[in-house]
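Understanding the architecture of this molecule
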Number of protein chains: 2
Amino acid sequence: MLQLRDLPNKAVLDKFSGRYPEADVSAVTAFLHLLRVATDLSAALDSCLSRHGLLQGRWWVLILLMREDQSISTPSVLAEKAGVSRATMTGLIDGLERDGLIARLFDKEDRRRVSIQLTAAGQAKLDEVMPDYYTRLRLCMDSVTEAERDILNTILVKLNAGVSAFSIPNNKTTGIPAVHQAEA
Amino acid sequence: MLQLRDLPNKAVLDKFSGRYPEADVSAVTAFLHLLRVATDLSAALDSCLSRHGLLQGRWWVLILLMREDQSISTPSVLAEKAGVSRATMTGLIDGLERDGLIARLFDKEDRRRVSIQLTAAGQAKLDEVMPDYYTRLRLCMDSVTEAERDILNTILVKLNAGVSAFSIPNNKTTGIPAVHQAEA
DNA sequence: TTGACATAATTAGCTGGCTAATTATAATCG
DNA sequence: CGATTATAATTAGCCAGCTAATTATGTCAA
């Protein structure tokens, strides 16, 4: 994700909105601000996890396993739930297996399948990481009131619905007939 | 950034907050929701830009140049403002130069320095991309009211201040004496 | 029953980020 | 002056994602 160190100030916004009348200044400001803070939060989370020898991808796999009964799942399901490709999940599992945090269990019934199970060491790692993560997150969000959290969620739902606007064909500005974009 | 496809539901949150009393459920929910939506917005922006042959890094360099008088800057300043390393900026500039969107100008005074200038083709590319971007962004944010945008910004400022909580040493949960962490 | 297709996981190779090392040049101080 | 230090950009090589291809296995219908 883009690391926006230098958000536009008033003068820059005026310059751009002068040249591009399509610009909605408060929308641009809020959008860039959101991306910027989310990137910083993500980096901060990484720095917290790395103290425990984890990164977001591997940490999330452990969490997904702990959510399951018996702490068991499969690579393809984990890939889907973590939002990464199966190839990437294979790599994450390789690393976690090497560290003894998860184990591969080969399926006798269907030999294409592999089950992934959290080991005792993996659970112990979570029991070390999660209290630290939760404590820091609580502190991070401390000044955001419950009312603000509710409104934030409301806004995020709206934004999530709006994401599709970025994929809708726009023949006016691209000059490409919409029919061609629809084919792509 | 983590691609959280599967946010925790009530049952999962209860399970985790039962085992880890440090968890603040509404904080966790809002935090993950924010990261999730920001990731989706970032990916959507990429898909918009890629229709014009750009990605976020290269697009942002063009914007940073257009902000400047004469549309000129230097690799090190651009790296700082874009939040990437100088090495990465060298690569971005290589690509943009190859496509003729920017030009390297060698400084006669100080031969270590290189200036980077937006070319006419680069400005033309922005004039093609920005209206499309702004139009889509306006649509994306359409249902978020001005009042909500204000509150969002307020919340983001608070979260930004809270980011440091992730880097504060926490000797209770890590078991590592704070003095050692401070040295690291 | 066997050929075509489907599915699961992995491997191979690409990309864009990073850090550390390198090259070139300038500035400073004994 | 000339050695040391500082600065700017680049190169080299690492890592974590990705897609596409591969391997292995299972399913189904002619």
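Starting from 1, residues in each chain are numbered consecutively following that chain's sequence as written. Each chain gets a letter, beginning with A, and each ligand a number, beginning with 1, in the order they are written. Per-residue local features of the predicted model are confined to residues with pLDDT of at least 70, and side-chain atom pairs are confined, for both listing and counting, to 80 or more; whole-chain, interface and lining totals are unaffected and use all residues. As a convention, hydrogens and water are excluded, and side-chain values are obtained from all of the structure's heavy atoms.

Residue and element names in this part refer to chain A. Residue ranges for the domains trace back to a domain assignment, done automatically or taken from a database. Domain boundaries in chain A define domain 1 (1-50) and domain 2 (54-142). In this structure, domain 1 and domain 2 have C-alpha centres spaced 32 Å apart. With seven residues of domain 1 in contact, the opposing surface of domain 2 contributes nine residues. Buried surface at the junction of domain 1 and domain 2, both sides included, amounts to about 680 Å², of which 68% is carbon and sulfur. What makes two residues a contact is simply this: any of their non-hydrogen atoms within 4.5 Å. Buried area counts how much accessible surface, traced with a 1.4 Å probe, disappears from two parts once they are put together, with both parts' losses summed.

Attention now moves to unusual backbone geometry. All names here are of chain A. Phi angles above zero are rare outside glycine, and Gln-70 is one such case at about 65°. Here Gln-70 shows up in the loop between α3 (56-67) and β1 (72-73). Residue Ser-71 is not a glycine yet carries a positive backbone phi of 55°. Secondary structure elements follow DSSP: runs of H or I of four or more residues count as helices, runs of E of two or more count as strands, with numbering from the N terminus. Checked against the element boundaries, Ser-71 lands in the loop between α3 and β1.

Okay, the sheet that holds strand β2 (residues 102-106) of chain B next. Residues and elements named next belong to chain B. At least two DSSP bridges between two strands are required for those strands to pair. Spatially, three strands are ordered β1-β3-β2 in an open sheet, and the strand pairing comes out antiparallel. Pairing within the sheet leaves two strands with one partner each, and these edge strands are β1 (72-73) and β2. As judged from the two bridges shared by β1 and strand β3 (residues 114-118), these two strands associate in the antiparallel manner. Considered in β3, the bridge of Ile-72 is made with Gln-117.

Attention shifts here to empty space enclosed by the protein. In this approach the atoms are scanned with a rolling probe the size of a water molecule, which exposes any empty space left behind. The rule is simple: put a 1 Å grid over the protein atoms alone, call a set of points where a 1.4 Å probe fits but cannot get out a cavity, call an open set with protein on both sides within 12 Å along at least five of seven lines a pocket, and count a residue as lining if it has an atom within 4 Å of a point. Grid points are joined across faces, edges and corners, and a volume is the space filled by probe spheres set on the points. Applying the stated rule across the entire model yields two cavities of 30 Å³ or more. Surrounding the largest cavity, 16 residues form its lining, A:Tyr134, B:Pro8, B:Leu13, B:Phe16 and B:Val28 being those nearest its centre. Only α3 and α6 (120-140) of chain A together with α1 (10-19) and α2 (25-50) of chain B provide two or more residues apiece to the lining of the largest cavity. By the convention adopted, Pro, Cys, Tyr, Trp, Phe, Met, Ile, Leu, Val and Ala count as nonpolar, Lys, Arg, Asp and Glu as charged, and the other residues, Gly among them, as polar. Considering only residue class, the lining of the largest cavity consists of 14 nonpolar, one polar and one charged. For the second largest cavity, the calculated volume is near 90 Å³. Residue lining of the second largest cavity: 13 residues in total, with A:Pro8, A:Val28, A:Leu32, B:Ile63 and B:Tyr134 positioned closest to the centre. If you list the elements that add at least two residues to the lining of the second largest cavity, you get α1 (10-19) and α2 (25-50) of chain A together with α3 (56-67) and α6 (120-140) of chain B.

When we say a residue is near a molecule or strand, we mean one of its heavy atoms is within 4 Å of it. Around DNA strand C sit 20 residues, and of these A:Pro75, A:Ser76, A:Arg104, B:Thr88 and B:Arg111 come closest. Distance and chemistry together define a polar contact, namely a pair of N or O atoms within 3.5 Å, with one atom able to donate a hydrogen and the other to accept it when in protein, and with adjacent residues in sequence counting only for side-chain atoms on both sides. For DNA strand C, a phosphate oxygen lies 3.5 Å from a polar atom in the side chain of A:Arg86. Within the backbone of B:Glu109, one N or O atom sits 3.4 Å away from a phosphate oxygen of DNA strand C. Elements supplying a minimum of two residues to the surface near DNA strand C: α4 (75-82) and α5 (86-98) of chain A together with α5 (86-98) of chain B. Of the residues assigned to the surface near DNA strand C, the class counts are six nonpolar, six polar and eight charged.

All names here are of chain A. Spatially, β1-β3-β2 is the arrangement adopted by the three strands of the open sheet, whose pairing is antiparallel. Only two strands of the sheet have a single neighbouring strand rather than two, namely β1 and β2 (102-106). Judged from the five bridges that link them, β2 and strand β3 (residues 114-118) form a sheet pairing that is antiparallel. Among the inter-strand pairings, Ala-103 is bridged to a residue of β3, identified as Gln-117. α3 rests against β1, β2 and β3 of the sheet, and its axis sits at about 95° to β3. Here α5 sits on the sheet and contacts β2 and β3; the angle it forms with β2, its principal contact strand, is near 115°. To obtain each axis, a line is fitted to C-alpha atoms, and for helices this fit is confined to the stretch in contact; angles are then taken between N-to-C directions over 0 to 180 degrees.

What follows covers the environment of B:Leu156. One can find B:Leu156 in helix α7 (residues 146-162). Excluding anything up to four places from it in sequence, B:Leu156 contacts A:Ala30, A:His33, A:Leu34 and A:Val37.

So, about the packing of helix α7 (residues 146-162) of chain A against α2(B). At a minimum axis distance of 10 Å, the contact between α7(A) and α2(B) shows a crossing angle of 25°. Classified by the interaxial angle, the pair formed by α7(A) and α2(B) is roughly parallel. In the crossing of α7(A) with α2(B), the sense of the turn from one axis to the other is left-handed. Contact residues: α7(A) offers A:Glu146, A:Arg149, A:Leu152, A:Asn153, A:Leu156, A:Val157, A:Leu159 and A:Asn160, while α2(B) offers B:Ser26, B:Ala27, B:Ala30, B:His33, B:Leu34, B:Val37, B:Asp40 and B:Leu41. Each residue belonging to the contact of α7(A) with α2(B) can be placed in one class, and the counts come to nine nonpolar, four polar and three charged. Angular relationships are summarised with four words: roughly parallel below 35 degrees, roughly antiparallel beyond 145, roughly perpendicular across 65 to 115, and oblique for the angles in between. Two helices cross in a left-handed way if the nearer one is turned anticlockwise from the farther one by less than a right angle. They cross in a right-handed way if the turn is clockwise.

Quick look at the environment of A:Leu64 now. All names here are of chain A. Its place among the elements puts Leu-64 in helix α3. Relative accessibility thresholds used throughout: buried, under 20% of the residue-type maximum; exposed, over 50%; partly exposed, between the two (1.4 Å probe, protein chains only). Under the relative-accessibility criterion, Leu-64 is labelled buried at 2%. When the C-alpha atoms of Leu-64 and Asp-107 are compared, they prove to be 20 Å apart, with 43 residues separating the residues in sequence. Apart from the residues within four sequence positions on either side, Leu-64 is in contact with Leu-78, Lys-81 and Ala-82.

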